[in-house]
Amino acid sequence: MTDLLTALHLSVMLLDLKIRMMEAIEEERFDLAMTYHLLILVRTDELQAHKWAMSPSAWKIYETIHP
């Protein structure tokens, strides 16, 4: 269950980072947008690692909540 909660938390964090990156682009702060992009890449790798560590039942729940 811990892996599931961590994966859901990372999914929400990724969405927040994507929104912030788009806002930085709109404000023409491209250095900040690139920093957010790099954070997105790191968190995406971390999320993939947690997905592989999940039990099959937790994976089913995650896919139901966040397809």
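Note that the structure is a prediction, hence the values are computed from the model and not measured. (Residues numbered from 1 in each chain as written. Predicted model: local features only at pLDDT ≥ 70, side-chain atom pairs only at ≥ 80, totals over all residues. Heavy atoms only, no water.)

Draft legend 1. Layout of the pattern of salt bridges. This structure, assessed with the given rule, holds two salt bridges. A salt bridge links Arg20 to Asp16; the nearest nitrogen and oxygen atoms lie 3.0 Å apart. Separated by four residues within a single helix, Arg20 and Asp16 lie in helix H1 (residues 2-26), roughly one turn from each other. Its relative accessible area of 40% is what places Arg20 among the partly exposed residues. A relative accessible area of 34% places Asp16 in the partly exposed class. The shortest N-O distance in the salt bridge between Arg43 and Glu46 comes to 2.7 Å. Remark: Glu46 and Arg43 occur in helix H2 (residues 30-53); sequence separation between them is three residues, near one turn of the helix. (Salt bridge = Lys/Arg side-chain N within 4 Å of Asp/Glu carboxyl O. Helix = DSSP H or I, 4+ residues; strand = E, 2+ residues; numbered from the N terminus. Buried < 20%, exposed > 50% of the residue type's maximum accessible area, 1.4 Å probe, protein only.)

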